[in-house]
Amino acid sequence: MSIAELFRNRPQVSGAFAQAVRPLRRFYPVFLLVALVLYVLLGTVAFISFESSNHENTVRKWKVNQGVNRRQRARLISTSIFNDTKNLLIIIDRDQTDRVQGLLVNSLSKYEEYLDVHGPKSGEWDVLHSLNYAWSLLMTIGHGIRGPETTGGQIFAFFYSIIGVPFFFGTIGLFVHKMLLPLIRFKVEQTKKKLLLLLFAAIFYVVWLLLLAFYLHSFSLPNSFWKALYTATLTALTIQTPYFNQLSDCSTFALLAGCTMSITLALFILLLLVGFYGGQSCENRPVIMKDEADSPKSNDPPKFTVIVDEAGDSKLADMDEE
């Protein structure tokens with residue numbers, strides 16, 4: 001077979017391929033959802049590789065420095081107490097000195113707990129935490145006081161967010177538009193049914209937020225239901241609250257999943273409103289028939305043409321008469 005015949009047969013192969021792929025086009029939002037999940041997993045693996053070892057080194061250094069600072073402070077306190085020769089002279093041996101300093105170190109540790117002094121925790125950049133952080137970046141929520149500490153992790157988070165945020169919201173929007181709306185587009189035609197559908201979707205959205213609030217109140221924020229409702233509502237609107245940092249990794253994962261569902265419901269309601277308003281606009285728009293558009297108006301001036309005969313004389317003739 002010559003090269004010309006190969007090029008001649010190439011459109012037939014591409015046409016056959018297009019016909020084979022055409023039934024799968026309706027499912028491309030599902031493929032985008034799968035790609036989005038893989039993108040989040042990619043971010044999870046990247047943040048673990050960038051931040052895990054560096055964070056563990058930071059935790060070890062912080063604990064060593066904390067222990068050294070406690071012992072130094074205990075030594076200063078014991079020295080100021082037992083070597084005050086102006087008022088009272090107390091002589092203790094080496095074993096008693098070590099025991100007193102140990103008691104002071106324990107007292108300082110309890111006092112730090114009373115003041116709620118917490119350093120970096122070990123295992124913060126595990127699989128679940130990295131997954132939550134990668135997911136929260138796509139939702140534009142972030143993770144509060146936690147973030148990448150290495151330069152590589154920060155650069156990756158920068159490009160990951162630039163690509164991932166439009167990818168996340170675009171995928172959810174396409175899924176709602178291509179997969180959910182067609183299920184009701186041809187079943188709901190009357191205005192009353194459309195209004196009832198909008199009302200039902202809005203009620204379901206509010207109930208879903210209340211369920212998220214009850215979950216947070218039961219497992220993470222038991223002191224105040226208002227804090228739980230406040231956190232669930234604003235997080236569903238991709239706004240971070242100060243109570244978001246108090247959640248455990250499991251509660252954060254559940255909240256992100258619930259807020260993704262809330263965003264999907266919000267886009268569904270928004271597209272329903274757009275479709276409802278667009279349908280009303282089309283119904284109120286005047287319809288111009290083809291015959292009326294093509295027919296000449298009575299107020300239009302008559303049209304003439306110039307006719308020149310063989311002698312060179314010209315005259316006007318009505319085009320309608322011709």
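Note that this is a predicted model, so its numbers are computed, not measured. Positions within a chain are numbered from 1, following the residues in the order the chain's sequence is written. Per-residue local features of the predicted model are confined to residues with pLDDT of at least 70, and side-chain atom pairs are confined, for both listing and counting, to 80 or more; whole-chain, interface and lining totals are unaffected and use all residues. Side-chain metrics in this entry use all non-hydrogen atoms of the structure; hydrogen atoms and water are not considered.

What to know about the packing of aromatic side chains
Stacked, tilted and edge-to-face pairs are distinguished by plane angle, under 30 degrees for stacked and over 60 for edge-to-face with tilted covering the rest, among Phe, Tyr and Trp rings (Trp via its six-membered ring) whose centres lie within 6.5 Å. Inspection of the entire model under this criterion finds 16 aromatic pairs. Residues Tyr39 and Tyr160 carry aromatic rings whose centres are separated by 4.7 Å and whose planes lie at 0° to one another, so their mutual orientation is stacked. A residue pair is termed long-range when its members are at least 10 positions apart, and Tyr39 in helix H2 (residues 28-82) and Tyr160 in helix H5 (residues 151-185) qualify at 121 residues. Working definition: with a 1.4 Å probe on protein chains only, accessible area under 20% of the residue-type maximum means buried, over 50% means exposed, and in between means partly exposed. Classification of Tyr160 as buried rests on a relative accessible area of 2%. Note on Phe47 and Phe156: the rings are 5.4 Å apart at their centroids and 80° apart in plane angle, and the pair reads as edge-to-face. Here Phe47 is found in helix H2, whereas its partner Phe156 is found in helix H5, with 109 residues between them in sequence. By relative accessible area, which is 0% here, Phe47 ends up buried. Clustering of aromatic rings is evident, with ring pairs tying together Tyr39, Phe47, Phe50, Trp125, Tyr133, Phe156, Tyr160 and Phe167. Note on conventions: DSSP H or I runs of at least 4 residues are helices, E runs of at least 2 residues are strands, and numbering of each starts at the N terminus.

Details of the side chain of Thr171
By the secondary structure assignment, Thr171 is in helix H5. Its relative accessible area of 2% is what places Thr171 among the buried residues. Counted as a polar contact is a pair of N or O atoms within 3.5 Å, where, for protein atoms, one must be capable of donating a hydrogen and the other of accepting one, and residues adjacent in sequence contribute only when both atoms are in side chains. Separated by 2.6 Å, the side chain of Thr171 and the backbone oxygen of Phe167 make a polar contact. Once residues within four sequence positions are removed from consideration, Thr171 is found in contact with Leu32, Leu33, Leu36 and Pro166. Here, two residues are considered to be in contact whenever any of their heavy atoms come within 4.5 Å of each other.

Here's the deal with helix H7 (residues 225-236)
Taking 1.5 Å of rise per residue, 12 residues should cover 16 Å, and H7 covers 16 Å from first to last C-alpha, within 8% of that figure. Residues Ala228, Thr231, Ala232, Leu234, Thr235 and Ala236 constitute the buried set of H7. Capping the start of H7, Ser224 holds a side-chain oxygen 3.3 Å from the backbone nitrogen of Trp226, two or three residues further along. In the stretch just after H7, Thr238 is the one whose phi turns positive, near 60°. Given a helix with a known number of residues, its expected span is that number minus one, times 1.5 Å.

Some remarks on a nonpolar patch on the surface
Together, Ile155, Phe158, Phe159, Ile162 and Ile163 line one region of the surface with nonpolar side chains, adding up to about 520 Å² of accessible area. Considering the arrangement of structural elements, one finds Phe159 in helix H5. A patch consists of residues whose relative accessible area exceeds 30% and which take part in no salt bridge; residues with like charges are grouped when within 9 Å of each other, and nonpolar side chains (Val, Leu, Ile, Met, Phe, Trp, Tyr) when within 5 Å. Note on areas: Shrake-Rupley, 1.4 Å probe, and residue coverage restricted to the protein chains presented here. A pairing counts as a salt bridge when a side-chain nitrogen of Lys or Arg comes within 4 Å of a carboxyl oxygen of Asp or Glu.

A word on the UniProt feature "transmembrane region" (unreviewed entry) in the protein
UniProt positions are given in the numbering used here, feature names are shortened, and annotations may be inferred rather than shown by experiment. As annotated in UniProt, the feature "transmembrane region" (unreviewed entry) corresponds to residues 27-50, 155-176, 196-216 and 253-279 in the numbering used here. Secondary structure content for residues 27-50 is 96% helix and 0% strand, while the C-alpha to C-alpha distance between its ends is 35 Å. Helix makes up 100% of residues 196-216 and strand makes up 0%, while its end C-alpha atoms are separated by 30 Å.

Quick look at helix H6 (residues 191-219)
When the terminal C-alpha atoms of H6 are compared, their 43 Å separation across 29 residues agrees well with the 42 Å that a helix rising 1.5 Å per residue should span. Burial in H6 covers these residues: Leu198, Ala201, Tyr205, Leu209, Leu212, Ala213 and Leu216.

Overview of the confidence of the model for the protein
Averaged over every residue, the pLDDT of the protein is 78; the share at 70 or more is 70%. The element-level mean pLDDT for the protein is lowest in helix H9 (residues 290-294), coming to 48, with helix H4 (residues 127-138) highest at 93. Note that residues 287-293 has pLDDT below 50 and, in this model, 1 contact with residues that lie over four places away or in other chains. The predictor attaches a confidence to each residue, called pLDDT, with possible values from 0 through 100.

Observations concerning the nonpolar core
One recurring pattern in soluble globular proteins is that nonpolar side chains are buried together. Among buried residues, the Ala, Val, Leu, Ile, Met, Phe, Trp, Tyr and Cys ones that are joined through side-chain atoms within 4.5 Å form a nonpolar core. By size, the foremost hydrophobic cluster in this structure holds 40 residues, and its most contacted members are Phe47, Leu138, Met139, Tyr160 and Phe168. Taken together, the elements giving at least two residues each to this core come down to H2, H4, H5, H6, H7 and helix H8 (249-284). For this core, the element with the most residues is H8, which contributes 8 residues. Taken together, domain 1 (17-185) and domain 2 (187-281) each give at least three residues to this core, which thus spans both. The contacts of Met139, once residues within four sequence positions are left out, are Phe168, Phe169, Thr238, Leu256, Cys259, Thr260 and Ile263. Where a domain begins and ends is set by an automatic assignment or by a domain database.

Thoughts on the side chain of Ser220
Within the secondary structure, Ser220 is located in the loop between H6 and H7. A polar contact of 2.5 Å, which involves the side chain of Ser220, links it to the side chain of Ser251. With residues near it in sequence (within four places) discarded, Ser220 still touches Tyr215, Leu247, Ser248 and Ser251.

Here we look at unusual backbone geometry
Backbone geometry places Thr140, a non-glycine residue, at a positive phi of 60°. With respect to the element layout, Thr140 can be found in the loop between H4 and H5. Of note, Thr238 is a non-glycine position whose phi angle comes to about 60°, a positive value. Mapped onto the elements of the fold, Thr238 is located in the loop between H7 and H8. For Thr238, a relative accessible area of 22% gives the class partly exposed.

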